[in-house]
Amino acid sequence: MPQIFRVALDTPLRRLFDYLPPRSGTVPPAVGARVRVPFGRQRLVGVITGLADHSDVPAARLRPILEVLDATPVLDGGLGKLLHWAAEYYHHPLGEVLAGALPRALRLGASSVAREERWLLTEAGTVGATAGEPRRAPKQRALVEFLREHGAADATTLAARFGAWRDAARALSARGWIASAEVELERARPALTTVRSEGPELLPEQSSAVAAITASLDRFGAFVLHGITGSGKTEVYLRVIEQVLLAGRRALVLVPEIGLTPQLLERFRQRFAAPLAVLHSGLTDQERLSAWRDAFSGYARIVLGTRSAVFAPLPEPGVIVVDEEHDSSFKQHEGGFRYSARDLAVMRARGAGVPVVLGSATPALETLHNVQTARYRLLPLGRRATQARPPTLKLIDLRGHAVRGGLSTPAVLAIERHLADEGQVLVFLNRRGYAPTLLCTACGWIAPCHECDARLTVHLASGRLRCHHCGADLPLPPRCPQCGFAVKPVGQGTERVEETLGALFPAAAIARLDRDVVRRPGDAEGVMRRMSSGEARILVGTQMVTKGHDFPNVTLVVVLNADQGLFSTDFRAPERLAQTIVQVAGRAGRGSRAGEVLIQTEFPDHPLLTDLLARGYEGFARVALAERAQAAWPPFSRLAALRDSARTADAALAFLAQARGLARRPPSGVRLLGPVPAAMHKRAGRYHAQLLIESRERRALHAFLDEWLPQVEQLKSARAARWSLDVDPIELY
Ligand code: ADP
Ligand code: ZN
Ligand code: ZN
């Protein structure tokens, strides 16, 4: 029996495919290398996952590998192991997991190494050149001369030197004087001492954090760097990475969103002379391939990227950093393969035997629980690195004050005061658009989305009604379509708050930051520049303003409405609200002046708010974790969610009910909850529902899923349903 190659293909089938070795003359592929194989009538690119000496497929039906695409495996041992683990843990087909870890261009068969075209003189050419030939073709002679002087040259160099050079090269090559070859692009590797500029002298707590992490550079350790915005976390990452680079290793840095943190990228560039590969969702396929190649070849010494960069190649890793580890963007919760990049970063570091640093001003409750149980080590940074004092937080009772356009009188007076003192003001509201509702005051009609259980949001400047859930986009009706009376926008969005502030403070320039303003990469930078230059005095924005950037002159932060989230059915809502408030509050007073934070609410006695104000995020987290323990929610139990959507409400529930029926007697310790319709039942024209699987024991949960899922897949209704499994879901219906 010949050697059999097991190949993972990008299909939803939970199995591998067997192939014979490529035809003789080709070097057989290694595990982790890509191959092109026949699949039915198609040709697909897959990854070798292993070798076997037996196949269950009859020998006559086995077909050989058509082409070996990689001499060096694109998935090295460490990354391969991580991806196998992820496929098992998230119960997702291996072929899709492996394909998802590679840039699109590589999935289509592009070379894993950058190549260039190099031209050189042949022997005949050298003889001719010495004789001053060819005399009658000056361009050809110049080309020959140039190659004699420089030995060889790549296409880019020749184009720069000669402009249109290809005709001359073709003529010379036809005479046999010059020849070309495709060779691997060689990039000069910078020296290992890569520090461009020195950082500031570290504060004692920063020093101990750096010392603790660097003492563990040769083994796995998970460190939680917990400090408010401005406490010097980034400086700690930079120092640790400096040590890693000096040791000849490489660093992987994961961030929530690169467009919003140009300052962070800039700090890495200023600090290190080492090449950086940057990976994020805004890249073209070609840019992504090129950044991936820089990481793969080892040219890049630091790889910085968003969620999927956790799968970037990183030869000789030295440390993995996850900045803002609590951020929900690290969780992929759409599409096929749903994973947590933060959790995978920890697994990757464990496999590689290197430290992982999880930094945040508001660590996730899961992360704090791992600290309490001594799996992770806490490194606190207590105060701000610069002189700035921590901001003071105050609640404004919306029931006791006049409110105009969402702004209470105390908030308006505070804004006036801070502007008069030359401060800048940040106004936070988690809702974009002009108003969340369009209402007819005569008959009570409210503009609905016909595809969702939701209202349409008024976008006044563009004259549109938009659904923020399905993307529906309609013209703003001038009158009520039901009774013909006038309609009016009700409630506040960032666009309207900007208008209200403009009327209240006509002398102050106002900037706005939300998804409507930021449409292309670079847009956010423009807004932030207006703020940091001091041209704009007030910034109105959504969640986007809570991330990463530094406005040293902001002295007042106003949270317009803290109440969304206080009464949500999702057990994670309080955590998210507390994180948002603390993160946005952290934008105040980062310069030399103390900041003030005002939080408007109709529920000033709500324990979440009072705890948070009295005891800070740590106090809130302690209470919240105790509540989770009592209710047996994660991290005190494990969850998986089987979800689906269908054209009718019945069909959505029917598939999940059948799936549940397959587990009439689940093993002890495993509970099935539901199925239930989603809180937003209808979305984008489909009905959504969910079945939760819960267990105190991770192992019991996964053993159950291993047995149950293949049966679920065999259900007839599974073929028609759009369903997915989400392990460790962070968004619950
Ligand atoms: P974080 O990442 O926690 O928000 P940073 O590392 O960005 O904090 O630090 C906040 C500011 O303080 C930055 O401008 C940084 O340059 C400065 N900084 C950090 N550490 C020190 C230090 N030890 N001495 C002086 N300035 C520092
Ligand atoms: Zn009406
Ligand atoms: Zn909709």
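Residues numbered from 1 in each chain as written. Chains lettered and ligands numbered in written order. Predicted model: local features only at pLDDT ≥ 70, side-chain atom pairs only at ≥ 80, totals over all residues. Heavy atoms only, no water.

**Looking at the overall build of the chain**
Point 1. A tally of helices and strands in the chain yields 21 helices and 32 strands.
Point 2. Taken over the C-alpha trace, the chain has a radius of gyration of 30 Å; the compact-globule value for 733 residues is 27 Å, and the two agree within 12%.
Point 3. Dimensions along the principal axes, computed over C-alpha positions, put the chain at roughly 95 × 65 × 65 Å.
Point 4. Counting only residues that meet the buried cut, the chain has 52% of its 733 residues in that class. (Helix = DSSP H or I, 4+ residues; strand = E, 2+ residues; numbered from the N terminus. Rg over C-alpha atoms; globule rule 2.2 N^0.38 Å. Buried < 20%, exposed > 50% of the residue type's maximum accessible area, 1.4 Å probe, protein only.)

**With respect to the coordination of the zinc ion (ligand 3)**
Tetrahedral coordination by four donors sets the ideal angle at the metal to 109.5 degrees; octahedral coordination by six donors sets it to 90 or 180 degrees.
Point 1. Donor atoms from the polypeptide that coordinate the zinc ion (ligand 3) comprise C449 (SG), C452 (SG), C467 (SG) and C470 (SG), at 2.2 to 2.3 Å from the metal.
Point 2. Around the zinc ion (ligand 3) sit 4 donor atoms, and with donor-metal-donor angles ranging over 103 to 114 degrees the site reads as tetrahedral.
Point 3. Here the donor residues for the zinc ion (ligand 3) map to a single chain with the spacing C-x2-C-x14-C-x2-C. Each member of the pair, C449 together with C452, is buried. (Donors = N, O, S within 2.8 Å, 3.2 Å for Na, K, Ca; no water. Tetrahedral: all angles 85-135°; square planar, octahedral: opposite > 155°, others 65-115°.)

**Focus: the nonpolar core**
Point 1. Counting 77 residues, the largest nonpolar core has L254, F311, L642, I693 and W708 as the members making the most contacts within it.
Point 2. Apart from residues no more than four positions distant in its own chain, W708 is found in contact with L642, A659, R660, L662, A663, L672, L691 and I693.
Point 3. Counting residues in each nonpolar core, the second largest holds 38 residues, with V518, L577, A621 and L625 among its members. (Core = buried A, V, L, I, M, F, W, Y, C linked by side-chain atoms within 4.5 Å. Contact = heavy atoms within 4.5 Å.)

**Quick word on the coordination of the zinc ion (ligand 2)**
Point 1. Looking at the metal site, the zinc ion (ligand 2) is ligated by C440 (SG), C443 (SG), C480 (SG) and C483 (SG), spaced 2.2 to 2.4 Å from it.
Point 2. With relative accessibility at 4%, the residue C480 sits in the buried group.

**Comments concerning the site of ligand 1**
Point 1. By nearness alone, 17 residues border ligand 1, and E201, Q206, G230, T234 and R267 come closest of all.
Point 2. At a separation of 2.8 Å, an oxygen atom of ligand 1 approaches a polar backbone atom of G230.
Point 3. Contacts to ligand 1 include R267, whose side-chain N or O atom sits 2.6 Å from an oxygen atom.
Point 4. Coverage of ligand 1 by the protein amounts to 77% of the 560 Å² it exposes when considered alone. (Near = heavy atom within 4 Å. Polar contact = N/O pair within 3.5 Å; in protein donor to acceptor, adjacent residues only side chain to side chain. Areas by Shrake-Rupley, 256 points an atom, 1.4 Å probe, with all protein chains shown as cover.)

**Thoughts on the side chain of T500**
Point 1. One can find T500 in helix α15 (residues 494-504).
Point 2. Note on T500: relative accessible area 10%, which makes it buried.
Point 3. Discounting chain neighbours no more than four positions away, the residues touching T500 are R404, G405 and L407.

**Comments concerning the sheet that holds strand β15 (residues 377-381)**
Point 1. Read across the open sheet, the 7 strands follow the order β11-β12-β10-β13-β14-β9-β15; overall the sheet is parallel. Each having just a single partner strand, β11 (276-279) and β15 make up the two edges of the open sheet. When strand polarity is set aside, the average angle formed by the axes of neighbouring strands in this sheet is 15 degrees. (Pairing = 2+ DSSP bridges. Axes fitted to C-alpha atoms, helices over the stretch in contact; angles between N-to-C directions.)

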